[in-house]
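# A look at the structure
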Amino acid sequence: MFKEKLKKLPSKIFYILFAMVVSIALWLYVEITENVEQTHVVSNVPIVFRNEDVLRDRGLIPTVLTENLTLTFVGTRADISRIATPGAISVEVNLADVISAGVVHLTYDILYPALVNPNAVDVPTRSVGLITLLIDQILERQIPVVVVYTGGTASPDLEAQLPEFEPQFITVRGPQEVVSRINHAYVPILRENLASTITEDMDFILIDDYGEQFDEDSLESLSFNHYTILVTIPIREMMHVPLTATLLHGSTTSELNRNIVINPSHITVAADPDRIRELNTFMLGTIDMTSFSTSTTVEFPILVPDGIENISGETAATVYVEVLGLNIDILSTPNLHIINTPPGLTASIVNQTVTVTLRGLAEDLALVYPENIRVVADISELGQGTSTLLARVYLDGINAAIDPIGGVNLTVRIVESDPDDP
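So, here is what we can say about the structure in this document. (Residues numbered from 1 in each chain as written. Predicted model: local features only at pLDDT ≥ 70, side-chain atom pairs only at ≥ 80, totals over all residues. Heavy atoms only, no water.)

To continue, consider the overall build of the chain. A tally of regular secondary structure across the chain gives 7 helices and 32 strands. Projecting the C-alpha coordinates of the chain onto the three principal axes gives extents of approximately 155 × 85 × 60 Å. The buried share of the chain, reckoned over its 422 residues, is 34%. Within the chain, counting contacts between residues at least 6 apart in sequence, those at least 24 apart form 76% of the total. (Helix = DSSP H or I, 4+ residues; strand = E, 2+ residues; numbered from the N terminus. Buried < 20%, exposed > 50% of the residue type's maximum accessible area, 1.4 Å probe, protein only. Contact = heavy atoms within 4.5 Å.)

Let us now look at the packing of aromatic side chains. In total, this model carries 3 aromatic pairs according to the counting rule given. Geometrically, the ring pair formed by Phe 204 and Phe 224 is edge-to-face, given 5.3 Å between the ring centres and 75° between the ring planes. With a gap of 20 residues between them, Phe 204 in the loop between β14 (198-202) and β15 (205-208) and Phe 224 in strand β16 (residues 223-224) connect regions that are remote in the sequence. Here Phe 204 and Phe 224 have matching classes, each one buried. Here Phe 224 and Tyr 227 contribute two aromatic rings whose centre-to-centre distance is 5.5 Å and whose plane-to-plane angle is 85°, an arrangement assigned as edge-to-face. (Phe/Tyr/Trp six-rings, centres within 6.5 Å; stacked < 30°, edge-to-face > 60°.)

To continue, consider the nonpolar core. Across soluble globular proteins, nonpolar side chains have a tendency to be buried as a group. In this structure, Val 187, Leu 206 and Val 231 are the most contacted members of the largest nonpolar core, which totals 26 residues. Of all the elements in the fold, those that place two or more residues in this core are β9 (131-153), β12 (169-175), α4 (176-179), β13 (182-194), β14 and β17 (229-233). Per element, the largest residue contribution to this core is 5 residues, and it comes from β13. Those residues in contact with Val 231 that sit more than four places away from it in its chain are Val 147, Pro 163, Glu 164, Phe 165, Val 187, Ile 189, Ile 198, Thr 199, Glu 200 and Met 202. (Core = buried A, V, L, I, M, F, W, Y, C linked by side-chain atoms within 4.5 Å.)

Here the focus is the environment of Arg 277. Within the fold, Arg 277 resides in the loop between α6 (273-276) and β21 (282-288). Residue class for Arg 277 comes out exposed when judged on its relative accessible area of 52%. Sequence separation between Arg 277 and Ile 89 is 188 residues, and the spatial gap between their C-alpha atoms is 65 Å.

Time to look at a negative patch on the surface. A cluster of acidic residues, Asp 215, Glu 216, Asp 217 and Glu 220, forms a negative patch at the surface. Looking at where Glu 216 falls in the secondary structure, it is placed in helix α5 (residues 216-219). With a relative accessible area of 55%, Glu 216 lands in the exposed category. (Patch = residues over 30% accessible without salt bridge, like charges linked within 9 Å, V, L, I, M, F, W, Y side chains within 5 Å. Areas by Shrake-Rupley, 256 points an atom, 1.4 Å probe, with all protein chains shown as cover. Salt bridge = Lys/Arg side-chain N within 4 Å of Asp/Glu carboxyl O. Lys, Arg positive; Asp, Glu negative; His and termini not counted. Charge placed at Lys NZ, Arg CZ, Asp CG, Glu CD.)

Turning to the environment of Thr 70, a few remarks are in order. Counting through the fold element by element, Thr 70 comes out in the loop between β3 (60-64) and β4 (71-76). The buried category is assigned to Thr 70, whose relative accessible area is 18%. Taking the C-alpha atoms as reference points, Thr 70 and Pro 46, 24 residues apart in sequence, are found 9.9 Å from one another. Excluding anything up to four places from it in sequence, Thr 70 contacts Val 41, Val 42, Ser 43, Asn 44, Thr 125, Arg 126 and Ser 127.

Here the focus is the pattern of salt bridges. Enumeration according to the criterion identifies 11 salt bridges in this entry. In this structure, Glu 309 and Arg 236 form a salt bridge, with 2.0 Å as the shortest nitrogen-oxygen distance. Taken together, the residues Glu 309 in strand β23 (residues 309-310) and Arg 236 in strand β18 (residues 235-248) connect sequence positions 73 residues apart. With a relative accessible area of 41%, Glu 309 lands in the partly exposed category. A salt bridge links Arg 258 to Glu 255; the nearest nitrogen and oxygen atoms lie 2.4 Å apart.

Further remarks concern the environment of Glu 92. Within the fold, Glu 92 resides in strand β5 (residues 90-94). In this structure Glu 92 comes out as buried when scored by relative accessible area, which is 18%. If we ignore the near neighbours within four places in the chain, the residues touching Glu 92 are Val 48, Arg 50, Thr 107, Tyr 108, Asp 109 and Leu 111. Within the structure, Glu 92 has its side chain in polar contact with the side chain of Arg 50 (distance 2.9 Å). (Polar contact = N/O pair within 3.5 Å; in protein donor to acceptor, adjacent residues only side chain to side chain.)

On to the sheet that holds strand β32 (residues 408-416), then. The mixed open sheet is built from 5 strands, whose spatial order is β26-β29-β30-β32-β27. Each edge of the open sheet is held by one strand with a lone partner, namely β26 (336-339) and β27 (345-349). Geometrically, the sheet is characterised by an average inter-axis angle of 40° between neighbouring strands, direction not taken into account. (Pairing = 2+ DSSP bridges. Axes fitted to C-alpha atoms, helices over the stretch in contact; angles between N-to-C directions.)

Take the sheet that holds strand β11 (residues 164-166) next. Taken together, 3 strands build an open sheet; the order of strands is β11-β17-β14 and the sheet is antiparallel. Strands at the two margins of the open sheet, each flanked by one partner only, are β11 and β14. Between one strand axis and the next, the sheet turns by 20° as a mean value, whatever way the strands run. Relative to β17, β11 is paired through 3 bridges, and the arrangement is antiparallel. Across the sheet, the residue bridging to Glu 164 is Thr 232, located in β17.

With that settled, consider the side chain of Asp 403. By the element assignment, Asp 403 lies in strand β31 (residues 402-405). Here Asp 403 occupies a buried position and makes no salt bridge, while the nearest side chain of opposite charge, Arg 359, is found at 4.0 Å. Sequence-distant contacts of Asp 403, that is, excluding residues within four places in its chain, are made with Gly 250, Ser 251, Thr 252, Thr 253, Thr 290, Thr 357, Leu 358 and Arg 359.

This paragraph deals with the side chain of Glu 237. Its location among the elements puts Glu 237 in strand β18. When sequence neighbours within four positions are dropped, the list of residues in contact with Glu 237 reads Asp 157, Leu 158, Val 269, Ala 270, Ala 271, Pro 273, Ile 276 and Arg 277.

Moving on, we get to unusual backbone geometry. The omega torsion of the bond from Glu 166 to Pro 167 falls at 5°, within 30 degrees of zero and hence cis. Following Asn 263, the chain continues into Pro 264 via a peptide bond in cis, with omega recorded as 0°. Backbone geometry places Asn 51, a non-glycine residue, at a positive phi of 65°. Overall, Asn 51 belongs to the partly exposed group, its relative accessible area being 27%. Backbone geometry places Asn 340, a non-glycine residue, at a positive phi of 60°. Within the fold, Asn 340 resides in the loop between β26 and β27. Residue class for Asn 340 comes out partly exposed when judged on its relative accessible area of 46%.

Right, dumping it as structure tokens:
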């Protein structure tokens, strides 16, 4: 056993020594290659500003005129690898000493990644030694908003209205050279098959005096009090809505013996689809069928609810009502009464007789005599003096469908009661 171990010992020593040699070689390689100088070119180096807020407090704003700043770096492999990382390098321009508008040329400092020692890196070539800036006055102004809708609706009964939008004007702030060229903010809208009103926040495009759109570089220097426009595209549905009136029937009339004609019979309205589907008819008003003998014509205003537009334009309608198959009889009666005389007052009727108009079938009207008619006035709300008021008509002893037509007026004189009266 011992002899076998002795035989294996030289081979183990060999492998250990070989591994040590390889490790040392790799270490020397890394040390040598890491310290070898390399060259790297960075194009389109970003330019950032220091003390830009100070410049803006002076009413000034910078715009970079230098294009494609290119820098060449020479350094160790480690530093160059860090510099070559995208976005690792930028340059900084100090604006603290700029006090007036115009074109200026300023020095710049290179901003290195955190692990790179600037003193260990050389910059042998630069595309420019100074950064050229246009220093412009800050201009603030209001520009109008223009919204244009092109599209269609889902049905011929639907109609898209002019867009409504807010705000009507926006305030833009930026370089005078840019802001002064802005004509308006444009919101183009293309929607198809709209079935209901839509409301959305939408982006706008800046348009110059020649109708051209501003480029993205110009927009970067601008600020706005609103960055979107709240746009509503109202969708209206049109509908023909019938007009109707309520008839208050007495004891002699019904749906079977009356004729009604409404002119116009309907109007055309438009509204939001969800709102207009609630409509069935427009009620004009109420007609008391006992207020006239055989026929009447009443004019009513056409009043549409809020949110509904009367696009056919009619503002009034006439309602003609005719009673069919009934007769009229006119009788005088002295059977006059007053009720509910106020305490402390005495009332007397000035009228001797009144004329009453009755409507019904001929055979029923033949049953009525003056003594069957009783006229009663309630004077509970009257005070001293002479007053004329509407009285009610009653038919006593008549069991037939007969309506008193119209009103009957009684004139009543009211005086203070004599305390000596029993």
